[in-house]
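Structure at a glance
Read off the chains here:
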Amino acid sequence: MSSLFLTKYRPQKLDDIVGNKEVIDYLKISAKKGEISNLIFFGETGNGKTISAECLIKEITNDYFILHAYEDRNQNSVKKNISSFSKKKTDDKKIILIDEIDSLIDTTQSVISTYMEQDDIKFIFTCNRLDNLIESIQNKSIIYNFSKIKNDEIYIYLETLCKKENIIYDKDGLEALVFSANGDLRIAVNNLNITYYGYTQITNTNVFKICNIPELSLLQILVDTLLNKNLEKVI
């Protein structure tokens, strides 16, 4: 089996990012200048927060540290990692990415906030819920909202992948993948991957078999039935 599409086509630069064009355009300006403020990227999963942060960082510096907060929530460990990196001697810019910072408790976030006072280091945070971040971190950061990726953007991206991989597909099949993703590009690409490995062709029927959800035509029949008949009789 060839590599997973999410890995094979993982964005390497900001130009590769799908969706949230206005936000990405702002980040490109920062990357071109080679300067950033402390940043917070928030929004639902699958909207490109983490990969956008990684691409931004790599376009600015080679000196960075990434902490996945959901993997390491121990306060002492977080403090040790940040302290060690902050003391590093370098002529390059230093940036720390803390992914899913909203999974850390307030006291740990407070420790992180103190390091934000240093002039020689910048932070980028990603989170699903902004209200789970303490005020001191928010007040020291520029905040960007990553919204759900538009259906037409997901469709175009999936079609591009199919063409690159020589996958047989039809319009209904790609629309089914878009429907299954609900704005989450990772889910869309994963579902494309497993449908291709399971059936080789991307059709409406194959997608909904793999995803274990009713076909759109059946859902439309159900909706029409509910609209045209007494609900109690339908139940």
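Because the structure is predicted, anything quoted here is derived from the model rather than measured.

Turning next to the packing of helix H2 (residues 21–33) against helix H3 (residues 49–60). For the pair H2 and H3, interaxial distance at closest approach is 9 Å and the crossing angle is 20 degrees. Of the possible angle classes, the one that applies to H2 and H3 is roughly parallel. Here H2 runs over H3; the crossing is right-handed. Across the interface between the two elements, Ile24, Leu27, Ser30 and Ala31 from H2 touch Ser52, Leu56, Glu59 and Ile60 from H3. Each residue belonging to the contact of H2 with H3 can be placed in one class, and the counts come to five nonpolar, two polar and one charged.

Moving on: the environment of asparagine 212. Looking at the secondary structure, you find asparagine 212 in the loop between helix H10 (204–211) and helix H11 (216–228). Along the backbone, asparagine 212 and serine 180 are 32 residues apart, and their C-alpha atoms lie at a distance of 9.8 Å.

A few words now on the nonpolar core. Grouped together as the largest cluster of nonpolar side chains are 24 residues, with contacts concentrated most on Leu158, Leu192 and Ile202. When contributions to this core are tallied by element, the ones reaching two or more residues are helix H7 (151–164), helix H8 (171–181), helix H9 (185–199) and H10. A per-element tally of this core places H7 first, with six residues. Other than its neighbours up to four places away in sequence, isoleucine 202 contacts Cys162, Ile167, Ile168, Tyr169, Asp170, Gly173, Leu174, Leu177, Leu192, Thr195, Tyr196 and Val207. Core analysis: the second largest hydrophobic core is formed by 23 residues, Val78, Val111, Phe123 and Phe125 among them.

Let us now look at the sheet that holds strand S2 (residues 63–68). Strand order in this open sheet of five strands is S2-S3-S4-S1-S5, and the pairing throughout is parallel. Looking at strand neighbours, the two that pair on one side only are S2 and strand S5 (142–145), the edges of this open sheet. In this sheet, adjacent strand axes meet at a mean angle of 15 degrees when their direction is disregarded. The pairing of strand S3 (residues 94–99) with strand S4 (residues 121–127) spans five bridges and is classified as parallel. Among the inter-strand pairings, isoleucine 98 is bridged to a residue of S4, identified as phenylalanine 125.

Reading guide: rules and limits
Residues numbered from 1 in each chain as written. Predicted model: local features only at pLDDT ≥ 70, side-chain atom pairs only at ≥ 80, totals over all residues. Heavy atoms only, no water. Axes fitted to C-alpha atoms, helices over the stretch in contact; angles between N-to-C directions. Helix = DSSP H or I, 4+ residues; strand = E, 2+ residues; numbered from the N terminus. Parallel < 35°, antiparallel > 145°, perpendicular 65-115°, else oblique. Left-handed = near helix turned anticlockwise from the far one by under 90°. Contact = heavy atoms within 4.5 Å. Nonpolar A, V, L, I, M, F, W, Y, C, P; charged D, E, K, R; others polar. Core = buried A, V, L, I, M, F, W, Y, C linked by side-chain atoms within 4.5 Å. Buried < 20%, exposed > 50% of the residue type's maximum accessible area, 1.4 Å probe, protein only. Pairing = 2+ DSSP bridges.

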